[in-house]
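Now for the letters of each chain:
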Amino acid sequence: MTAPAGPERLDAFMARANCAYYASHDPFADFTTAPEITQVFGELLGAWAAVTWQAMGAPEPVILAEAGPGRGTLMADALRAVAKVMPAFRAVLRLHLVETSARLRAAQTGLLPGATWHDRIEDLPPGPLLLLANEFLDALPIRQFVRRGDAWTERYVTDGAFVERGAPPLRLWGRADARDGETVEINAAAQDIVAHLATRVAATGGAALFLDYGPAESAPGDSLQALRDGKPVDPLVEAGTADLTAHVDFAALAATARAAGAAVHGPVPQGLFLARLGLFQRSGALGRQNPPRAPALMQAAQRLAEPDRMGRLFKVLAICHPAMPQPAGFSA
Ligand code: SAH
């Protein structure tokens, strides 16, 4: 990956690094995600989309979209469940996938014939929309600001190291609740995507469901991390050979969506959300159909739901048309 001459702002660096990474690597060699852990994850999200479609008034046609579909596993599991629990939804939905990596698009084609691909969420065709996104926002570029006395700097990258430059005025990017020397992160690209989707679902109907890791409340701190071969490495060294992610600031995204006119539900912890949708019942039922797989199915469910594993750090946020009832999974 060729670096530009001179310091590059962190979000530009991260965009370039991840673009190179997803174009040239099998990310699932470096990390695993919920749909790769158990088929029940995608099935539950398919059922969620089906009941949410009914709550929208069962519009026809409707776009079922996924952002960052990885191997296509989540959507393949979701569509299988939808065909069973709500064939009427399966019959009218149009499948659209947002994916920048040609390599992953090829993997998705095998599992999801008949889909239409796009580079950006803004390119999805108009109309009522249901969008699913698991571990998508965390891969999007962030900006980092550092408090230095009464002033702020912004982090840039040069020769594999951070340098700080003067930051734009605070009112243009954020908040001042950090102590001297502390870092504040702004999920810049995620903010833009959420604002776009919130405006869209408020105008033409629908819902977007985001599952990702991050705190419920905004807080200062540097969460940029890189994984190579499943191990944490320096995010600035050998860019394009490791997966760069940052925690998702759900509180900030919720505020952005509300300001754009959408109703926001959550964030709720993933463990609670999946348990309410029937994670353990469905895993148990599959285990009874196939007893040798029963222990693995139950262990997988526990991995997704237990608070000290993926159940609490992972959160779920829904952005909906304001006239829709609260979607499934957001209250007991
Ligand atoms: N949702 C999948 C994969 C998560 S990995 C799962 O849960 O297994 C992140 C995914 O987002 C990959 O498919 C990656 O290629 C895609 N991606 C990353 N940055 C993107 C961007 N800016 N636009 C579109 N897709 C992107």
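Quick note: structure is the one above.
Criteria and cut-off values
Residues numbered from 1 in each chain as written. Predicted model: local features only at pLDDT ≥ 70, side-chain atom pairs only at ≥ 80, totals over all residues. Heavy atoms only, no water. Core = buried A, V, L, I, M, F, W, Y, C linked by side-chain atoms within 4.5 Å. Buried < 20%, exposed > 50% of the residue type's maximum accessible area, 1.4 Å probe, protein only. Helix = DSSP H or I, 4+ residues; strand = E, 2+ residues; numbered from the N terminus. Contact = heavy atoms within 4.5 Å. Pairing = 2+ DSSP bridges. Axes fitted to C-alpha atoms, helices over the stretch in contact; angles between N-to-C directions. Phe/Tyr/Trp six-rings, centres within 6.5 Å; stacked < 30°, edge-to-face > 60°. Lys NZ or Arg CZ within 6 Å of the ring centre and 35° of its normal. Near = heavy atom within 4 Å. Polar contact = N/O pair within 3.5 Å; in protein donor to acceptor, adjacent residues only side chain to side chain. Areas by Shrake-Rupley, 256 points an atom, 1.4 Å probe, with all protein chains shown as cover. Nonpolar A, V, L, I, M, F, W, Y, C, P; charged D, E, K, R; others polar. Salt bridge = Lys/Arg side-chain N within 4 Å of Asp/Glu carboxyl O. Parallel < 35°, antiparallel > 145°, perpendicular 65-115°, else oblique. Left-handed = near helix turned anticlockwise from the far one by under 90°.

1. Some details on the nonpolar core
Link 1 in the chain: The biggest cluster of nonpolar side chains holds 50 residues, and the ones touching the most others in it are W48, F89, L130, L209 and F273.
Link 2 in the chain: For this core, the element with the most residues is helix α3 (residues 39-55), which contributes eight residues.
Link 3 in the chain: Not counting residues up to four positions away in its chain, the partners in contact with F273 are L45, W48, L209, V268, V316, A328, G329 and F330.
Link 4 in the chain: Among the nonpolar cores identified, the runner-up in size contains 29 residues, and I63, V98, I193 and A198 belong to it.

2. Section: the sheet that holds strand β3 (residues 93-98)
Link 1 in the chain: The mixed open sheet is built from seven strands, whose spatial order is β4-β3-β2-β5-β10-β15-β14. Both outer strands of the open sheet, β4 (116-118) and β14 (263-269), are each paired with one neighbouring strand and no more. Strand-to-strand, the axes of this sheet are offset by a mean angle of 15 degrees, without reference to chain direction.
Link 2 in the chain: Relative to β4, β3 is paired through three bridges, and the arrangement is parallel.

3. Here we look at the packing of aromatic side chains
Link 1 in the chain: The full count for this structure, using the stated rule, is seven aromatic pairs.
Link 2 in the chain: With a centroid separation of 5.8 Å and an interplanar angle of 55 degrees, the aromatic rings of F28 and F31 are classed as tilted.
Link 3 in the chain: Among the residues examined, F28 registers a relative accessible area of 16% and is labelled buried.
Link 4 in the chain: Its relative accessible area of 15% is what places F31 among the buried residues.
Link 5 in the chain: A ring pair is formed by W152 and W173, whose centres lie 5.1 Å apart and whose planes are at 80 degrees; its orientation type is edge-to-face. Remark: W173 occurs in the loop between β8 (161-166) and β9 (183-186) and W152 occurs in strand β7 (residues 151-158); sequence separation between them is 21 residues.
Link 6 in the chain: You can call W152 buried: its relative accessible area is 12%.
Link 7 in the chain: Three or more aromatic residues joined by ring pairs form one cluster here, namely F145, W152 and W173.
Link 8 in the chain: Seen from the ring of F162, R155 lies directly overhead, with NZ or CZ sitting 3.7 Å from the centre.
Link 9 in the chain: One Lys or Arg, R165, reaches over the ring of Y156 and ends 5.2 Å from the middle of that ring.

4. With respect to the site of the ligand
Link 1 in the chain: For the ligand, the set of nearby residues contains 16 residues, the closest of which are T33, G68, G70, E99 and N134.
Link 2 in the chain: Between T33 and the ligand, the recorded distance is 2.5 Å, taken from a side-chain N or O atom to an oxygen atom.
Link 3 in the chain: One of the side-chain nitrogen or oxygen atoms of E99 is found 2.5 Å away from an oxygen atom of the ligand.
Link 4 in the chain: Expressed as a share of its isolated accessible area of 570 Å², the protein-covered part of the ligand is 91%.
Link 5 in the chain: Across the shell around the ligand, the residue classes break down as seven nonpolar, six polar and three charged.

5. Thoughts on the side chain of R143
Link 1 in the chain: Among the secondary structure elements, R143 is positioned in strand β6 (residues 143-148).
Link 2 in the chain: Overall, R143 belongs to the buried group, its relative accessible area being 16%.
Link 3 in the chain: For R143, the side chain forms a polar contact with the side chain of E154, separated by 2.7 Å.

6. Observations concerning the side chain of T183
Link 1 in the chain: Summarising the element assignment, T183 is placed in strand β9.
Link 2 in the chain: Apart from residues lying up to four places away in sequence, T183 is in contact with Q144, F145, V146, R155, P220, G221 and D222.

7. Some points on the pattern of salt bridges
Link 1 in the chain: For the coordinates displayed, the defined rule picks out 15 salt bridges.
Link 2 in the chain: Between R80 and D77 there is a salt bridge, with its nearest N and O atoms 3.0 Å apart. Taken together, the positions of R80 and D77, both in helix α4 (residues 73-85) and three residues apart, correspond to about one turn of that helix.
Link 3 in the chain: One network of salt bridges, in which partners are shared, links R9, D11, R143 and E154.

8. Notes on the sheet that holds strand β11 (residues 225-228)
Link 1 in the chain: Here we have three strands laid out as an open sheet, ordered β12-β11-β13, and antiparallel in their pairing. Of all strands in the sheet, those with a lone pairing partner are β12 (231-233) and β13 (243-245), marking the two edges. Neighbour-to-neighbour, the strand axes of the sheet open up by a mean angle of 40 degrees, direction not taken into account.
Link 2 in the chain: Where β11 lies against β12, three bridges are found, and the strand directions are antiparallel. Within β12, the position partnered with L227 by the bridge is P232.

9. Observations regarding the pairing of strand β10 (residues 206-213)
Link 1 in the chain: Most of β10 is tucked away, with eight of its eight residues classed as buried.
Link 2 in the chain: Where strand β5 (residues 129-134) lies against β10, six bridges are found, and the strand directions are parallel. Paired with L132 across the two strands is L209, which belongs to β10.
Link 3 in the chain: One ladder, built from seven bridges, connects β10 with strand β15 (residues 314-320); its direction is antiparallel. The partner of L209 across the bridge, within β15, is A318.

10. Some remarks on the packing of helix α10 (residues 279-289) against helix α11 (residues 294-305)
Link 1 in the chain: In the contact formed by α10 and α11, the axes pass within 8 Å of each other and the chain directions differ by 165 degrees. Considered as vectors, α10 and α11 are oriented roughly antiparallel to each other. Taken as a pair, α10 and α11 cross one another with a handedness that is right-handed. On α11, the residues touching L279, F280, S283, G284, L286 and G287 of α10 are A294, L297, M298, A301, Q302 and A305.
Link 2 in the chain: Per-class residue counts for the contact of α10 with α11 are eight nonpolar, four polar and no charged.

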